[in-house]
Structures are given as structure tokens and as C-alpha cells.
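The chain contents come next:
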Amino acid sequence: MLAIVNATVIPVEGEEFEGTILVRDGRIAELGSDVTVPEGATVLDVAGAQVTPGLVDAHVHLGVHPEGDGGAASDTNEMTNPNMAGVRTIDAIDPYDEGFDLALAGGVTTVNVNPGSGNPIGGQATTLHTHGRIVDHMVLREPAGIKSALGENPKRVYGEKKQTPSTRLGTAKVIRDAFVAAQNYQRRHADPDNDKRHDVDLTMEALGKVLSREIPWRQHAHRADDIVTALRIQAEFGYDLVIDHGTEAHLVADLLAERGVPVLIGPLFTTKSKMELRGRSIANPGKLAKAGVELSIITDHPVIPISFLVHQASLAVREGLDRETALRAITINPAKVLGVADQLGSIEVGKRADLVVWSGDWMDPMARPRTVLIDGAVVFEHDATTGEERVAPRGDVPLALAQE
């Protein structure tokens, strides 16, 4: 058992308090200002430091677009067919990508690895912890959604190949055709007189999970008109929609709020490097939140280094986003989108002990994670005296607890 004592606990769901977090078997067993530390427990005295949940980035390419190779080893896009719903990012994630260590240094303990946006339908996403030796042991939910892209990227990729889609019209048709084919597939499999009802098509099976609302449709869309197209297709087929990027989402925030469609906004630190990013502004998260849109902030790592996730939230506060919503946007809100909010995203009894001990106010750009825990094990430490960062070996061997 582990006892984190003298902590300033920011639970996200609930009021901040000074006290103790008890961890047993990787889960939060008890917390509060009057918790008694059991005899024999390992004690981590954080001397008043802030403790938040581990941060969650719901849109990254960790492990499929490795650090430091210029994209040469990228497995982000299978751009050989516009509809790649059957491919799974879990089959390409390299847990030894140093981006996972960078995530820990930024306090990010959970990520969602998406395929890229080169295809109208890119494939299945994987939600996982950011520390481990074998991807299967890191996974929290798989599949966690299907990535789809509207806008310039699929137009460019397939337009250069002189095949559909080369326009926004064509991209929308590819998506509609895929869902109609999945509906037909479901009808055939429900027909007891169909001799081929037991034949399996991996692409159709994956799309069927979206149509049955087992997993969400993760729609890459920057421009407001593309976001409205996403809403239009959702209304036609009736699935759970999430808007990824949402650069101009503030222009149609009322529609998104009315439909209850969450937005994963970002990356926010990029230049306006293409036409679709002309509306990019760090003030946009605040505009969305004020309109009642459920908001998460993303890095799209390696587009923005994942360790900057917290800094995007901090600067969004400077530009109008309230502090509480900013923290929710990098903890519980993305956990909800990923379908793992029952396990993490807030500090509550019964949830996984994914925790970050900060060297100062979590929102202060000068603060940094000094101790990071996943499932109650210390996986990252920063030594303020030497500046040394220590990451636990990938496996089941946690670091020794930091000594005050």
C-alpha cells in the first residue's frame, strides 16, 4: 500500500483539499483530509505539492510516428485505399518510441493513438497508458474509435493519384458509401436464409461498431463547413461523433452544443501553415467552452511535443478559458471521449492511481511534474537538485519512491 501524504489534491471531480491519498493494488482506496495511514504503508510525503490526475491526450500518433526519424519509419497512414476502417493502430505502436518518455515528463499518463488523416477513413484508434514494454499490457481500450478525415488531406492524397476522392464532394461520398455498405452487411448477417451470413469482413465489422455506437466516429475537421458536413452525415447514420482539431469549431459552436458533440481542439501552438488553419487561435477553446461545448485539448504529437499539452491549457486560460475547464480539458473530458472515465481522469476512490505530483502550480509554465505514477507505481521522477529525469524501466519494475 502507498500513502501520498501532505498533498494539495486537485481531484477534478470535487473540491480541492489538503490531505492523503491511499493507493492499494494500483487503485485509489481512500482519500481525504482525515485519512489514517495504515501501519506498514509506503509513505510519499509531497510536502504540500499539488497532485492532479494523470493528464490525458486523446489525439496523438505516439509509437506510430516515432521521434527523431523525420517520418521515415512512420506507420501513421495506410494510404492504399480510401476506406481503411479495418486497420488497427495497435498493430503498429512501438512502445520504445521515446515520445512515451516525453509524455511522462509532461505528466501525460494516458493517450489515444490515432491513424493519420490521409484517408477519408483511416482506421481504428487505441487508448493506452504511456509506460510499458508490451503494447497489449498498456492498452485501456481497443478499439477506441475510428478515425475519419474531411478536408484537404484526403483530397490531396487521392487527387495526386487521380482517383476518388479529389474533392470534398468525393470524400463525403466515400464515407457515405462505407456506411451504406456496412448497413447492407449487417442486414445480410441478420438474414437466417443467407448462406454467407457467417462470412467476416474486417472493414465492415469495424464500421458496424460505429453504427451500433460501441465506439465513436473520430472526425478530423478543421473548417466550419467540414464540421457541418460531419454533423450532416452523423444525422444520416446515427452514430456518436467526436470532432478532432475543430480549428473553426467556434463558428458553429451552437450547433455542436445543441447536438452534444465534443471537440478535441488542437494542436494550438502551430503556425497557420495551411489554408484550413487560418482560424487557429489559442482563444478558441474559451469560445467553445462559453458556448457549452464539451472541450478537450490535444497535441497531435509529434505535431506538437506531447509534453506541451499542459502549456496549451495554460495559455488557453490566459486567452479566456477558465482554469477549472482547462484542467478538465486535459483530464476527465478526454477520458470521457475515450470511454475510460470510469477508470481515470479524476482522483476518486476506485479509479486507477494515475497521478502527477507537481513542483508548483500545475498551470504555471515554470512548474513541472516531479513524480508521475501509473496504477500506483512511480514511473517518472524529476530531481530538482540535479535536473535529472528518471523513467522506470519498461516493464513491471517501478522506480523507488522519491525521497524528500
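Only a predicted model underlies this, so the values are computations on that prediction, with no experimental measurement involved. (Residues numbered from 1 in each chain as written. Predicted model: local features only at pLDDT ≥ 70, side-chain atom pairs only at ≥ 80, totals over all residues. Heavy atoms only, no water.)

> Hey, could you run me through the sheet that holds strand 8 (residues 121–124) in this one?
Note: strands within a sheet are paired through backbone hydrogen bonds, in either parallel or antiparallel orientation. Read from one edge to the other, the open sheet built from 6 strands follows the order 8-11-12-13-14-15, with strand pairing classed as mixed. A strand with exactly one partner marks an edge of an open sheet, and here the two such strands are strand 8 and strand 15 (295–297). With direction set aside, neighbouring strand axes in the sheet form an average angle of 25°. The pairing of strand 11 (residues 146–149) with strand 12 (residues 217–221) spans 4 bridges and is parallel. Residue Ser148 lies in a different strand from strand 12, and its bridge partner there is Gln219. (Pairing = 2+ DSSP bridges. Helix = DSSP H or I, 4+ residues; strand = E, 2+ residues; numbered from the N terminus. Axes fitted to C-alpha atoms, helices over the stretch in contact; angles between N-to-C directions.)

> Could you clarify how one ought to interpret the sheet that holds strand 7 (residues 108–113) in this entry?
Read from one edge to the other, the open sheet built from 4 strands follows the order 6-7-9-10, with strand pairing classed as mixed. The sheet terminates laterally at strand 6 (55–60) and strand 10 (139–141), the two strands that pair on one side only. When the angles between neighbouring strand axes are averaged without regard to direction, this sheet yields 30°. Pairing analysis gives 4 bridges linking strand 7 to strand 9 (residues 126–129), with the strands arranged antiparallel. Looking at strand 9, one finds that Val113 is bridged to Thr126.

> How should the packing of helix 4 (residues 168–190) against helix 6 (residues 224–237) be read in this particular structure?
For any two helices packed against each other, one specifies the crossing angle of their axes together with the interaxial distance. Contact pair helix 4 / helix 6: the axes reach a minimum separation of 11 Å and the direction vectors enclose 20°. By the angle between their axes, helix 4 is roughly parallel relative to helix 6. When you trace helix 4 past helix 6, the crossing you get is right-handed. Within the contact between the two elements, helix 4 uses Arg168, Ala172, Ile175, Arg176, Phe179, Val180 and Gln183 and helix 6 uses Asp225, Asp226, Thr229, Arg232, Ile233, Glu236 and Phe237. Here the contact of helix 4 with helix 6 is composed, by residue class, of 6 nonpolar, 2 polar and 6 charged. (Parallel < 35°, antiparallel > 145°, perpendicular 65-115°, else oblique. Left-handed = near helix turned anticlockwise from the far one by under 90°. Contact = heavy atoms within 4.5 Å. Nonpolar A, V, L, I, M, F, W, Y, C, P; charged D, E, K, R; others polar.)

> Which parts of the structure should I look at to understand the UniProt feature "domain: Amidohydrolase-related" (unreviewed entry) in the protein chain?
Taken from the UniProt record, the annotation "domain: Amidohydrolase-related" (unreviewed entry) applies to residues 239–376. Secondary structure across residues 239–376 divides into 27% helix and 15% strand, with the first and last C-alpha atoms of the span separated by 36 Å. (UniProt positions renumbered as here; feature names shortened; annotations may be inferred.)

> Could you clarify how one ought to interpret the pattern of salt bridges in this entry?
Should their charged atoms come close, side chains of opposite charge can pair. Tallying each qualifying case throughout the model produces 21 salt bridges. The residue Arg323 makes a salt bridge to Asp361 at a minimum N-O spacing of 2.6 Å. Of this pair, Arg323 sits in helix 10 (residues 323–328) while Asp361 sits in the loop between strand 16 (355–358) and strand 17 (369–374); the two residues are 38 residues apart in sequence, bridging distant segments of the chain. Taking relative accessible area as the criterion, Arg323 reaches 34% and is therefore assigned partly exposed. Classification of Asp361 by relative accessible area gives partly exposed; the value is 29%. One salt-bridge network, held together by shared partners, links Glu152, Lys155, Arg168, Asp226, Lys274 and Glu276. (Salt bridge = Lys/Arg side-chain N within 4 Å of Asp/Glu carboxyl O. Buried < 20%, exposed > 50% of the residue type's maximum accessible area, 1.4 Å probe, protein only.)

> Looking at this structure, I do not really get the side chain of Arg352. What am I missing?
Along the chain, Arg352 falls in the loop between helix 11 (332–338) and strand 16. Judged by its relative accessible area of 18%, Arg352 is buried. Polar side-chain contacts of Arg352 include one of 2.9 Å to the side chain of Asp375. With residues near it in sequence (within four places) discarded, Arg352 still touches Gly26, Arg27, Ile28, His129, Leu140, Gln343, Leu344 and Asp375. (Polar contact = N/O pair within 3.5 Å; in protein donor to acceptor, adjacent residues only side chain to side chain.)

> What should I look at first to understand the nonpolar core in this one?
The tendency in soluble globular proteins is for nonpolar side chains to be buried as a group. Counting residues in hydrophobic clusters, the biggest one holds 79 residues, and the most contacted among them are Trp217, Leu256 and Ile297. Ignoring anything within four residues of it in the chain, the contact list for Trp217 reads Ile121, Ile146, Ser148, Ile175, Phe179, Leu207, Val210, Tyr239, Asp240, Leu241 and Val242. Counting residues in hydrophobic clusters, the runner-up holds 18 residues, among them Leu2, Ile4, Leu44 and Val378. (Core = buried A, V, L, I, M, F, W, Y, C linked by side-chain atoms within 4.5 Å.)

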